[in-house]
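Examination of the molecular architecture
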Amino acid sequence: MEDRVVTISRAKTTMTFPANFMLVGAMNPCPCGYFGDPAKECTCSPAIVARYQKRLSGPLLDRIDIHVEVPRVEYDKLATEVPLESSHSIRARVEGARERQSQRFTGTHLACNAEMGPGEVREYCQLDDGGRSLPRSAMQQLQMSARAFQRILKLARTIADLAGEGEIATAHLAEAIQYRPRRQMGAGIDLGCGHELSLEVV
Ligand SMILES: [Zn+2]
């Protein structure tokens, strides 16, 4: 996944092919699908829930940048008249962020933030004073790997790009940290700088 190639070995030969892709996946929280649901009770035992969630290994989860829990949407919210942001304006924001990234990487072999290596992360993902103390406390409290930290910085850069900001602010970094897998998190972790992660442990 990280090398963006796939190597297939057979008895006589080994072939390497390009494999640069974006992985998007979804899973249920448990075999019955209702673990954590506020309206319907889950019928799975804790051991079955734990075994089910362990089917995705830690190292694989560590390489997925954005983890989002999608709870049931109440009918009232689906039927609401409140105007939501249109796909058209979201598209414009994404295109703006992409444009910012192509300007950033002009003259390099890179096309977007996701392709940054450690050197580029150091160069383009500078943090302000508040932001610098945040990853240290988050890394300690969430027992984050160095790889996870690199991924958080890249994601924070993209969140800042989507907001049209030149600098990565503490809020961008805090948002990126919240997308880490919940399994590695504890509830109510104080990240300093007035930011607190209040996520449930599953
Ligand atoms: Zn269940």
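Above this note sits the structure.
Computed from a predicted structure; not experimentally measured.

Counting secondary structure elements, the protein contains eight helices and four strands. In the protein, the succession of α and β elements from N to C terminus is β-β-α-α-α-α-α-α-α-α-β-β. The buried share among the 202 residues of the protein stands at 28%. Considering only contacts within the protein whose residues lie at least 6 apart along the sequence, 49% involve residues at least 24 apart. As displayed, the protein offers around 13,500 Å² of accessible surface, 54% of which is attributable to carbon and sulfur atoms.

With that settled, consider helix α7 (residues 146-162). A rise of 1.5 Å per residue sets the reference length of α7, with its 17 residues, at 24 Å; its end C-alpha atoms lie 25 Å apart and thus fit the reference within 8%. For α7, the buried fraction is high: 12 of the 17 residues fall into the buried class. Along α7, the residues classified as buried are A148, F149, R151, I152, L153, K154, L155, A156, R157, I159, A160 and D161. Where α7 ends, the next residue or the one after it, G164, has phi of about 75 degrees, a positive value.

Taken as a whole and assessed by the stated rule, the structure comprises eight salt bridges. Of the charged contacts, one joins R93 and E85 as a salt bridge, the two residues approaching to 2.5 Å between their closest N and O atoms. Across the salt bridge formed by R104 and D161, the nearest N and O atoms sit 2.7 Å from each other. In this pair, R104 is assigned in helix α4 (residues 87-104) and D161 in helix α7, connecting sequence segments 57 residues apart. Take R104 and D161: they sit in the same class, and that class is buried. Each member of the salt-bridge network shares a partner with another, and the members are D62, R147 and R180.

Right, let's talk about the coordination of the zinc ion for a bit. Protein coordination at the zinc ion comes from C30 (SG), C32 (SG), C42 (SG) and C44 (SG), with a distance range of 2.3 to 2.4 Å. The coordination sphere of the zinc ion comprises four donor atoms, whose angles at the metal cover 107 to 114 degrees; the geometry is tetrahedral. The class for C30 is buried, based on a relative accessible area of 0%.

This next bit is on the pairing of strand β2 (residues 14-18). Side chains on a regular strand alternate between the two faces of the sheet. As paired elements, strand β1 (residues 5-9) and β2 share five bridges and run antiparallel to each other. Its bridge partner being in β2, T7 is matched across the sheet by T16. Linking two consecutive strands that pair antiparallel, namely β1 and β2, is a turn of four residues.

Scoring rules and cut-offs
- Residues numbered from 1 in each chain as written.
- Predicted model: local features only at pLDDT ≥ 70, side-chain atom pairs only at ≥ 80, totals over all residues.
- Heavy atoms only, no water.
- Helix = DSSP H or I, 4+ residues; strand = E, 2+ residues; numbered from the N terminus.
- Buried < 20%, exposed > 50% of the residue type's maximum accessible area, 1.4 Å probe, protein only.
- Contact = heavy atoms within 4.5 Å.
- Areas by Shrake-Rupley, 256 points an atom, 1.4 Å probe, with all protein chains shown as cover.
- Expected span 1.5 Å × (residues − 1).
- Salt bridge = Lys/Arg side-chain N within 4 Å of Asp/Glu carboxyl O.
- Donors = N, O, S within 2.8 Å, 3.2 Å for Na, K, Ca; no water.
- Tetrahedral: all angles 85-135°; square planar, octahedral: opposite > 155°, others 65-115°.
- Pairing = 2+ DSSP bridges.

Such coordinate-based values are descriptive only and should not be taken to indicate function.
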